[in-house]
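Letter by letter, the chains look like this.
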Amino acid sequence: MENPEKIYDGVRDILKNRRAPDVGEEYIDDLCDAVIVVMHSWNDFFSVLQQKVPTEEEKTKVQAIAEKAVRKHQALVKNMTPKVHLAEAHAVDQYLRVRPGLVRLLIEHWVERNHQEGYKIEQQFKHVPHLQSRANYTAGKMHQANNPAIQQKILEVHEASKRGKYKKRSAEESISPIRVQRQRIQQVTPPSAQSNIRVPLLMICNTPLTSHGRTYILARWG
């Protein structure tokens, strides 16, 4: 953000008009001034990363610029988000290693993906009527998505509930016992009598017995 003053001067007036009785105007002024300083620091950092052909001076100063932006950000909001960690620990190293100008394309891709994922999370709770509850649910979902400990626990649960490697069964194994028994009955029973035969659930004897010209199979019906 090149000119945060234009935005936060308007924000300053809105906050003063809607401030609580116990919030002074000096506090609002100090807060908006601090946010403007942080925005300028981040603008300096990303301006260097966006250079198509960075100079040697910019390569030398980029680490100090990143540390300044991270330091002011943490002093204001008192936390370390994934974006801030990326700027502090990884962005400068990648900026100096990859081909000049490539980092700016990676940043655009990463920001676009971040917006898409944020939009998907917001859509999950868009029907929650209470605004504060909706904001709490959305923030909790984003925290879960960005917390390595939570993601590791989710991965462990998924791994524990897996069925294991799928083993394709042969044609013989795929045939159910009831189907096999039906085929056996059809082989030993005249076609005219097959329609009245029920297949038993539990077979006691698989060997057909013949008596007085008729074939029987001992079984218990379930």
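None of the values given here were measured: they were computed from a predicted structure.

## Digging into the overall build of the chain
- Counting its secondary structure elements, the chain contains 9 helices and 4 strands.
- A total of 222 residues make up the chain; the buried ones form 18% of that total.
- For the chain, long-range pairs separated by at least 24 residues make up 44% of all intrachain contacts whose partners lie at least 6 apart in sequence.
- Entry remark: accessible area of the chain is about 17300 Å², with carbon and sulfur atoms responsible for 54%.

## Section: the packing of helix H1 (residues 4–17) against helix H2 (residues 25–49)
- Packing of H1 against H2 leaves a shortest axis separation of 10 Å and a crossing angle of 160°. On the basis of their axis angle, the class for H1 and H2 is roughly antiparallel. For H1 against H2, the interelement crossing comes out right-handed. Mapping the contact onto sequence places Pro4, Glu5, Tyr8, Arg12, Leu15 and Lys16 in H1 and Glu25, Ile28, Asp29, Cys32, Asp33, Val35, Ile36, Met39 and His40 in H2.
- Taken together, the residues that form the contact of H1 with H2 break down as 8 nonpolar, 1 polar and 6 charged.

## Notes on the environment of Leu49
- Of note, Leu49 is situated in helix H2.
- Considered as a pair, Leu49 and Leu96 are 47 residues apart in the sequence and their alpha carbons are 9.7 Å apart.
- Apart from the residues within four sequence positions on either side, Leu49 is in contact with Val62, Ala91, Tyr95, Val103, Arg104 and Ile107.

## Side note on the pattern of salt bridges
- Following the criterion strictly, the structure yields 8 salt bridges and no others.
- Among the ionic pairs, Lys16 bridges to Asp29, the shortest N-O distance being 2.9 Å. Residue Lys16 is found in helix H1, and its partner Asp29 is found in helix H2; the two are separated by 13 residues along the sequence.
- Residue Lys16 is classed as partly exposed on the basis of its relative accessible area of 23%.

## A look at the confidence of the model for the chain
- The share of residues in the chain with pLDDT of 70 or more is 73%, and the mean pLDDT across the chain is 77.
- The secondary structure element of the chain with the lowest average pLDDT is strand E1 (residues 202–203), at 44, and the one with the highest is H2, at 91.
- Contacts of residues 199–205 to residues separated by more than four positions or lying in other chains number 21 contacts, the stretch itself having pLDDT below 50.

## Structural notes on the packing of aromatic side chains
- Inspection of the entire model under this criterion finds 4 aromatic pairs.
- Pairing Trp42 with Phe46 gives two aromatic rings, centres 6.0 Å apart and planes at 35°, and the pair type is tilted. Of this pair, Trp42 and Phe46 both sit in helix H2, 4 residues apart, which is roughly one turn of that helix.
- Phe46 gets classed as partly exposed once you look at its relative accessible area, which sits at 35%.
- Here Phe125 and Tyr137 contribute two aromatic rings whose centre-to-centre distance is 5.8 Å and whose plane-to-plane angle is 35°, an arrangement assigned as tilted. In this pair, Phe125 is assigned in the loop between helix H5 (102–124) and helix H6 (131–146) and Tyr137 in helix H6, connecting sequence segments 12 residues apart.

Cut-offs applied
- Every residue gets a number counted from 1 within its own chain, in the order that chain's sequence is written.
- Only residues with pLDDT of at least 70 get local features here, since the model is predicted, and only at 80 or more are side-chain atom pairs given and counted; chain-wide, interface and lining totals rely on the full set of residues.
- The basis for the side-chain values is all heavy atoms of the structure; hydrogens and waters are excluded.
- By the criteria applied, helices consist of DSSP H or I runs no shorter than four residues and strands consist of E runs no shorter than two, each listed in order from the N terminus.
- Only protein chains enter the accessibility calculation, which uses a 1.4 Å probe; a residue whose area is less than 20% of its type maximum is buried, one above 50% is exposed, and one in between is partly exposed.
- Contact between two residues is taken to exist if any of their heavy atoms lie within 4.5 Å; hydrogens are not considered.
- The Shrake-Rupley method, run with a 1.4 Å probe, gives the accessible areas here. Residue values count only the displayed protein chains as cover.
- An axis is simply a line fitted to the C-alpha atoms; with a helix, the fit covers only the stretch in contact. Between two such axes, the angle follows the N-to-C directions and lies from 0 to 180 degrees.
- When describing relative orientation, an angle under 35 degrees is termed roughly parallel and one over 145 degrees roughly antiparallel, while 65 to 115 degrees is termed roughly perpendicular and anything else oblique.
- Left-handed describes a crossing whose near helix is turned anticlockwise from the far helix through less than a right angle; right-handed describes the clockwise counterpart.
- Gly is placed with the polar residues, together with every amino acid not listed as nonpolar (Ala, Val, Leu, Ile, Met, Phe, Trp, Tyr, Cys and Pro) or charged (Asp, Glu, Lys and Arg).
- Any carboxyl oxygen of Asp or Glu that lies within 4 Å of a side-chain nitrogen of Lys or Arg is treated as forming a salt bridge with it.
- Note on scores: pLDDT gives the predictor's confidence for each residue, bounded by 0 and 100.
- Pairing of aromatic rings covers Phe, Tyr and Trp, the last counted by its six-membered ring, and requires centre-to-centre distances within 6.5 Å; plane angles under 30 degrees mean stacked, over 60 mean edge-to-face, and any other angle means tilted.

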